[in-house]
Amino acid sequence: MSTMSVNVSARSLAPDLARGFMLLLIALAHAPALVADWDAGPAWLNGVFKFVKSLVADNQARAMFVFLFGYGLGQLARRQTEWSSFKGLLRRRGLWLTVIGFANTVILVPIDIVAVYGLTLLALAPIVRARDSVLLWTAGATLIPATLLLTWQSANALIAAAAGTPVTLAAYMEPSLGLHLVAAIPTWPVETAVPTIMVVPGMLAGLWAARRRILDEPERHLTLLRRVALICLGVAAAARIPAALMLAGAWPVTSAPVAWLAAFAHDLTGYAGGIGLAALVGLVAYRIGGDRGPVTLALSALGQRSLTFYLFQSVVWVALFYPFTLDLSDDLSLPATFGVAVAVWGASILLADVMRRTGHRGPAEILLRRLTNR
């Protein structure tokens, strides 16, 4: 693999820290979905972890990921001077993200978002240079349809969990590698195309924020960052608690409409929570300033290689949980998967820091850049 010096000091700290932290939330959302029995072990302990997963990670990790994806597009756009060549770059980037996401879904795990990003970028590349008003109106117009699509998934999951049959990916794992490699192909086009609307609101909010360099220059936007962090995280915490309590079994699901209402509030404010978390990281980056210790450098190194380590998580999930590998899906409890998720995130930080120290960029980032910058 080619080596290349990575100048950390030349990069804005907050976006990289946010991407590094985001990978923890993604791991906490994904790892529990790969175990078969969420009720093995003490009921109270499982309830605590179900509550934490729903409140902190579910449909909030994705929202933060989407916002940062849009922010990255805005950063990329600032470095361009000629639209026709930049439009071609965006479309090549969208195409190859779709290809990478397809490979991740087929070869690794069926919980990919990269292809959805790629397809959204292919469809909406011109909006990257649209006026701010177009960005904001489009984000607002797509927010409710996007939330309703999420709610359909979340409400059904709440009802199933209340009935004692939580929906996990363990039931859909194929027994052999050969079957695994073909199982996702028939449904992949629809399962990639339909969720694109879920990407649009957060992506456009991130693009709008990047135009103002809100995370790149947090010292210039402290009042805004404080207000966004306080309001968005406060609203998200309050509105997401009912669904989290229902998933944990502490609030009985008495009817489907109640479950739908709780799921809608949970998913709608997940967008706010993802943006609020990014704002909070911006405030942390301001407090850190130029005094970047080893932990800060390591976490920002992970954020710089977020695509690589997102795919790394998929490799680990396959190695640990699938029937044709270690097959731990039936052996690990829900709380244990949280330990696995944190351990994988910690290992990712260490590996990313080794890559930083040795001057290596992430292989997925190198590949994407070579494929798109031609």
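Look up a bit, the structure's there.
Caption draft 1: Molecular detail of the overall build of the protein. Across its full length, the protein holds 15 helices and zero strands. Relative to its length of 374 residues, the protein is compact, with a C-alpha radius of gyration of 20 Å against a globular reference of 21 Å. Principal axes of the C-alpha set define a box for the protein whose edges measure 55 × 45 × 40 Å. The buried share of the protein, taken over its 374 residues, is 52%. Accessible surface computed for the protein: about 16300 Å², of which carbon and sulfur atoms make up 67%. Across the protein, the centroid of the 29 positively charged side chains sits 14 Å from that of the 19 negatively charged ones.

Caption draft 2: Expanded view of a nonpolar patch on the surface. On the surface, Ile107, Leu177, Leu179, Leu181, Val182 and Ile185 cluster together into a nonpolar patch covering about 480 Å² of accessible area. Among the elements that make up the nonpolar patch, the one with the highest residue count is helix H7 (residues 177-183) (four residues). Residue class for Leu181 comes out partly exposed when judged on its relative accessible area of 31%.

Caption draft 3: Up close: the nonpolar core. Formed by 101 residues in total, the largest nonpolar core has its most connected members in Leu23, Met64, Leu90, Leu302, Tyr310, Trp317 and Phe321. With twelve residues, the single largest contributor to this core is helix H1 (residues 13-30).

Caption draft 4: Local environment of unusual backbone geometry. With a phi angle near 55°, Asn59 is a residue other than glycine that sits in the positive phi range. Within the secondary structure, Asn59 is located in the loop between helix H2 (43-57) and helix H3 (61-78).

Caption draft 5: Broad picture of empty space enclosed by the protein. Inspection of every chain in the model, using the stated rule, returns two cavities of 30 Å³ or more. For the largest cavity, the full set of lining residues is Asn59, Arg62, Ala63, Val66, Leu150, Met198, Asp267 and Tyr271. Within the residue set of the lining of the largest cavity, elements represented by two or more residues are H3 and helix H11 (256-288). Among the elements that take part in the lining of the largest cavity, H3 stands out by supplying three residues, more than any other. Its residues assigned to classes, the lining of the largest cavity comprises five nonpolar, one polar and two charged. As a volume, the second largest cavity reaches approximately 40 Å³. Lining of the second largest cavity is provided by His30, Asn104, Val109, Ile111, Tyr310, Gln313, Ser314 and Trp317.

Caption draft 6: How the structure looks around the pattern of salt bridges. By the definition in use, this model includes eleven salt bridges. The partner of Asp39 in a salt bridge is Lys50, with the nearest N and O atoms 2.8 Å apart. Of the two residues, Asp39 sits in the loop between H1 and H2 while Lys50 sits in helix H2, which places them eleven residues apart along the sequence. With a shortest N-O distance of 2.8 Å, Arg356 and Asp353 are connected by a salt bridge. One end of the pair is Arg356 and the other is Asp353, both in helix H14 (residues 334-357) and three residues apart, which spans about a single turn. Residue Asp353 is classed as buried on the basis of its relative accessible area of 10%.

Caption draft 7: Geometry of the environment of Phe21. With respect to the helices, strands and loops of the structure, Phe21 is situated in helix H1. Owing to a relative accessible area of 26%, Phe21 belongs among the partly exposed residues under this scheme. Here the alpha-carbon distance between Phe21 and Ala139, two residues 118 residues apart in the chain, equals 25 Å. Setting aside chain neighbours within four positions, we find Phe21 in contact with Met64, Leu277, Leu299 and Trp345.

Caption draft 8: Local environment of a negative patch on the surface. A surface patch of like charges, here negative, comprises Asp37, Asp327, Asp330 and Asp331. Of note, Asp327 is situated in the loop between helix H13 (306-321) and H14. Assessed through its relative accessible area of 31%, Asp327 is described here as partly exposed.

Caption draft 9: Structural view of the packing of aromatic side chains. This model, assessed by the stated rule, comprises ten aromatic pairs. Each ring, one from Phe65 and one from Tyr310, has its centre 5.6 Å from the other, and the planes form 65°; the classification is edge-to-face. One end of the pair, Phe65, is in helix H3; the other, Tyr310, is in helix H13, and 245 residues separate them in sequence. Residues Phe65 and Tyr310 agree in their burial class; the two are buried. For the pair Phe102 and Trp188, a centre-to-centre distance of 4.8 Å together with 80° between the ring planes defines the contact as edge-to-face. Taken as a pair, Phe102 in helix H4 (residues 83-108) and Trp188 in helix H8 (residues 188-193) lie far apart in primary sequence, 86 residues in all. The class for Phe102 is partly exposed, based on a relative accessible area of 29%. Look at Trp188 and you get buried, because its relative accessible area is 16%. Members of the aromatic cluster, connected to one another through ring pairs, are Phe65, Phe69, Tyr117 and Tyr310.

Calculation criteria
Residues numbered from 1 in each chain as written. Predicted model: local features only at pLDDT ≥ 70, side-chain atom pairs only at ≥ 80, totals over all residues. Heavy atoms only, no water. Helix = DSSP H or I, 4+ residues; strand = E, 2+ residues; numbered from the N terminus. Rg over C-alpha atoms; globule rule 2.2 N^0.38 Å. Buried < 20%, exposed > 50% of the residue type's maximum accessible area, 1.4 Å probe, protein only. Areas by Shrake-Rupley, 256 points an atom, 1.4 Å probe, with all protein chains shown as cover. Lys, Arg positive; Asp, Glu negative; His and termini not counted. Charge placed at Lys NZ, Arg CZ, Asp CG, Glu CD. Patch = residues over 30% accessible without salt bridge, like charges linked within 9 Å, V, L, I, M, F, W, Y side chains within 5 Å. Salt bridge = Lys/Arg side-chain N within 4 Å of Asp/Glu carboxyl O. Core = buried A, V, L, I, M, F, W, Y, C linked by side-chain atoms within 4.5 Å. 1 Å grid on protein atoms, 1.4 Å probe; cavity = no way out; pocket = protein on both sides within 12 Å on 5 of 7 lines; lining within 4 Å. Points joined across faces, edges and corners; volume = space filled by probe spheres on them. Nonpolar A, V, L, I, M, F, W, Y, C, P; charged D, E, K, R; others polar. Contact = heavy atoms within 4.5 Å. Phe/Tyr/Trp six-rings, centres within 6.5 Å; stacked < 30°, edge-to-face > 60°.

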